[in-house]
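One-letter residues, chain by chain:
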Amino acid sequence: MHEASVALSTIEAVKDIEKREKIKASRVIVEVGEGSGVNIDALSFCLSSIIKEEGLNISFEFVKKDITAFCSECNKEITLTNLSYICPVCKNISLNITEGMELNIKEIEGESVEG
């Protein structure tokens, strides 16, 4: 389950941001692209386990991003509903993926801390 390593990396990234921005995170919004290969339920479970183990008070929310692509054959931006990567309009198999592969910390809410 690679979600465990993703969860560890996410917690480390949040800690780095806290240190750099001098904040104490309370809520983190994570953007998960449909094509990222990350299972949101498994990631949520792993994050919950780490938070509990480390005694952190952070809630995580997830925003699912659809896979969108541009078809150079019919000049349309499309949303892919499955991972076939075939244009549903003209059946072109050479699409340029524009969104939906990402895994990002989109937003962190928290309070300022001194020092």
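1. Some details on the pairing of strand S1 (residues 23-33)
Across the 11 residues of S1, eight count as buried, placing the element largely inside the fold. Taken together, the nine bridges between S1 and strand S6 (residues 103-112) define a ladder with antiparallel strand orientation. Across the sheet, residue Val-30 finds its bridge partner in S6, namely Ile-105. When S1 meets strand S2 (residues 59-65), the two strands line up parallel, connected through seven bridges. When the sheet's bridge partners are listed, Glu-31 is paired in S2 with Val-63. A crossover connection joins S1 to the parallel S2 through helix H2 (residues 40-54); in handedness this β-α-β unit is right-handed.

2. With respect to the environment of Arg-27
Looking at the secondary structure, you find Arg-27 in strand S1. Look at Arg-27 and you get partly exposed, because its relative accessible area is 23%. Considered as a pair, Arg-27 and Leu-8 are 19 residues apart in the sequence and their alpha carbons are 16 Å apart. Not counting residues up to four positions away in its chain, the partners in contact with Arg-27 are Ile-58, Ser-59, Glu-61, Glu-107, Ile-108 and Glu-109. A distance of 2.6 Å separates the side chain of Arg-27 from the side chain of Glu-61, its partner in a polar contact.

3. With respect to unusual backbone geometry
For Lys-22, which is not glycine, the phi torsion reads 55° and is therefore positive. One non-glycine residue with positive phi stands out, namely Asn-75, at about 55°. Within the secondary structure, Asn-75 sits in the loop between strand S3 (67-71) and strand S4 (76-80).

4. Here's the deal with the side chain of Glu-102
Position of Glu-102 relative to the elements: it lies in the loop between strand S5 (95-99) and S6. No salt bridge is formed by the buried Glu-102; the nearest opposite charge belongs to Lys-65, separated by 4.3 Å. Within the structure, the side chain of Glu-102 is placed 2.6 Å from the backbone nitrogen of Gly-100, a separation counted as a polar contact. Residues within four places of Glu-102 in sequence aside, it is in contact with Glu-31, Val-32, Gly-33, Ser-36 and Lys-65.

5. Remarks on the packing of helix H1 (residues 3-21) against H2
Viewed as axis vectors pointing N to C, H1 and H2 meet at an angle of 55°, and their least axial separation amounts to 8 Å. In terms of orientation, H1 lies oblique with respect to H2. Handedness of the H1/H2 crossing: right-handed. Here Glu-3, Ala-4, Val-6, Ala-7, Leu-8, Thr-10, Ile-11 and Lys-15 of H1 lie close against H2, whose contacting residues are Ala-42, Leu-43, Cys-46, Leu-47, Ile-50, Ile-51 and Glu-54. The residue inventory of the contact of H1 with H2, partitioned by class, reads 11 nonpolar, one polar and three charged.

Calculation rules
- Residues numbered from 1 in each chain as written.
- Predicted model: local features only at pLDDT ≥ 70, side-chain atom pairs only at ≥ 80, totals over all residues.
- Heavy atoms only, no water.
- Buried < 20%, exposed > 50% of the residue type's maximum accessible area, 1.4 Å probe, protein only.
- Helix = DSSP H or I, 4+ residues; strand = E, 2+ residues; numbered from the N terminus.
- Pairing = 2+ DSSP bridges.
- Right-handed = clockwise from strand over helix to strand, strands pointing away.
- Contact = heavy atoms within 4.5 Å.
- Polar contact = N/O pair within 3.5 Å; in protein donor to acceptor, adjacent residues only side chain to side chain.
- Lys, Arg positive; Asp, Glu negative; His and termini not counted.
- Salt bridge = Lys/Arg side-chain N within 4 Å of Asp/Glu carboxyl O.
- Axes fitted to C-alpha atoms, helices over the stretch in contact; angles between N-to-C directions.
- Parallel < 35°, antiparallel > 145°, perpendicular 65-115°, else oblique.
- Left-handed = near helix turned anticlockwise from the far one by under 90°.
- Nonpolar A, V, L, I, M, F, W, Y, C, P; charged D, E, K, R; others polar.

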